[in-house]
Amino acid sequence: MTRERLFQGRITDQLLVEREGRTGWITFNDPAKHNAVSFDMWAGIPVALKAFEDDPEIFSVVLTGAGDKAFVSGANISQFEKLRTGATAVEEYEVVAESAQLAIQNFSKPLIARIDGYCIGGGMNIALCCDIRVASDDSVFSIPAARLGLGYRFTAIQNLVRAAGMANALEIFITASKYSAREAKERNLIHTVVAKADLDGAVDGYLKKINANAPLTVAAGKKMIRNLSDRLVDIDMAEMKSLVLQCFESEDYKEGKLAFSQKRPPEFKGR
């Protein structure tokens, strides 16, 4: 079956939106940068998902990355100086990025993350917003925010804790370690690990099961399960946002960006 391209000329070419039978496909399409998620990609995600939400013929959606090197290797750091420096710019970026994240989380139909290669930072967050995560055995996982000095939004931390549990989430975040697909599965970050050659078959296996099920029943159950895991008690969201902004306004964030561009280890001072 051939995929049909949607939104040609309306969404950035870095985000391919297609449909194939009962499944919608969203492909992060910048393989030269290992599909690092750009501002335009974030902005396009809610538009694509709204189209699939409104299409009664679509029963499921797969998010994947172009090529075989990366799902999403994190945020596009080349845009940070312009889009994630200064309180106003950070706030504007966070609004668009979080809107994309919430669009994935609140999508009523089943979402599968097809992961082949790097799944780093923002890529991990996107994957954790999905219902099922299937990875090739040579994939690599990490949340390196602490190596860059940037603020990691509360809702992304919530996704990490929801999937991995508090103990694993603490290890993953404060060490900024890299994990193999097997190690990621042990920490509940992904559901299934298969050989690279078997990845498409594994995703197809999930899709055949999901697409044969009753959409209303699936949507109702998914909503209930999500509600059970989303209960927030006495969380001061203003404080959480302030903590994120504090990181972006720090000298350490400047050092993290500079060290990354110079390909050297950062020297953080805690201020």
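Nothing here was measured: the structure is a model prediction, and the numbers come from that model.

*Asks:* Describe the overall build of the chain, listing the residues and the values that go with them.
*Replies:* In terms of regular secondary structure, the chain is built from 12 helices and 11 strands. For 271 residues, the compact-globule formula gives about 18 Å, and the C-alpha radius of gyration of the chain, at 18 Å, lands near that figure. Along the three orthogonal principal directions, the C-alpha set of the chain runs to about 55 × 40 × 35 Å. When each of the 271 residues of the chain is scored for burial, the buried share is 48%. Accessible surface computed for the chain: about 13300 Å², of which carbon and sulfur atoms make up 55%. Where the 34 positive side-chain charges of the chain centre and where its 35 negative ones centre are 1 Å apart.

*Asks:* Quick rundown of the environment of Asp-13? Include the residues and the values.
*Replies:* Secondary-structure assignment places Asp-13 in the loop between β1 (4-6) and β2 (15-20). Taking relative accessible area as the criterion, Asp-13 reaches 53% and is therefore assigned exposed. Each C-alpha atom of the pair Asp-13 and Ala-32 lies 13 Å from the other, and the pair is 19 residues apart in sequence. Ignoring anything within four residues of it in the chain, the contact list for Asp-13 reads Arg-5 and Asn-29.

*Asks:* How would you sum up the sheet that holds β1? Please name residues and give values.
*Replies:* One open sheet holds the seven strands; their spatial order is β1-β2-β3-β4-β6-β8-β11, and the pairing between them is mixed. Among the strands making up the open sheet, the edge pair consists of β1 and β11 (192-194). Taken pair by pair, the neighbouring strands of this sheet meet at an average axis angle of 25°, ignoring direction. Pairing geometry for β2 and strand β3 (residues 23-28), over six bridges, is antiparallel. Bridge pairing in β3 places Glu-18 opposite Trp-25.

*Asks:* An account of the packing of helix α6 (residues 154-164) against helix α7 (residues 166-175) is requested, with residue identities and associated values reported.
*Replies:* For the pair α6 and α7, interaxial distance at closest approach is 7 Å and the crossing angle is 130°. With respect to α7, the element α6 is oriented oblique. As α6 runs across α7, the sense of the crossing is right-handed. Residue-level contacts link Ile-157, Leu-160, Val-161 and Ala-164 of α6 to Met-166, Asn-168, Ala-169, Ile-172 and Phe-173 of α7. Each residue belonging to the contact of α6 with α7 can be placed in one class, and the counts come to eight nonpolar, one polar and no charged.

*Asks:* A description of the packing of aromatic side chains should follow, citing residues and the corresponding values.
*Replies:* Within this structure, the stated rule accounts for two aromatic pairs. Plain terms: the ring middles of Phe-28 and Phe-71 are 6.1 Å apart, the flat faces sit at 75° to each other, and that makes the pair edge-to-face. Residue Phe-28 is found in strand β3, and its partner Phe-71 is found in strand β5 (residues 70-72); the two are separated by 43 residues along the sequence. Summarising the burial analysis for this pair, Phe-28 and Phe-71 share the class buried. Arg-22 extends its terminal NZ or CZ atom over the ring of Phe-59, reaching a point 4.1 Å from the ring centre.

About the criteria used
Residues numbered from 1 in each chain as written. Predicted model: local features only at pLDDT ≥ 70, side-chain atom pairs only at ≥ 80, totals over all residues. Heavy atoms only, no water. Helix = DSSP H or I, 4+ residues; strand = E, 2+ residues; numbered from the N terminus. Rg over C-alpha atoms; globule rule 2.2 N^0.38 Å. Buried < 20%, exposed > 50% of the residue type's maximum accessible area, 1.4 Å probe, protein only. Areas by Shrake-Rupley, 256 points an atom, 1.4 Å probe, with all protein chains shown as cover. Lys, Arg positive; Asp, Glu negative; His and termini not counted. Charge placed at Lys NZ, Arg CZ, Asp CG, Glu CD. Contact = heavy atoms within 4.5 Å. Pairing = 2+ DSSP bridges. Axes fitted to C-alpha atoms, helices over the stretch in contact; angles between N-to-C directions. Parallel < 35°, antiparallel > 145°, perpendicular 65-115°, else oblique. Left-handed = near helix turned anticlockwise from the far one by under 90°. Nonpolar A, V, L, I, M, F, W, Y, C, P; charged D, E, K, R; others polar. Phe/Tyr/Trp six-rings, centres within 6.5 Å; stacked < 30°, edge-to-face > 60°. Lys NZ or Arg CZ within 6 Å of the ring centre and 35° of its normal.

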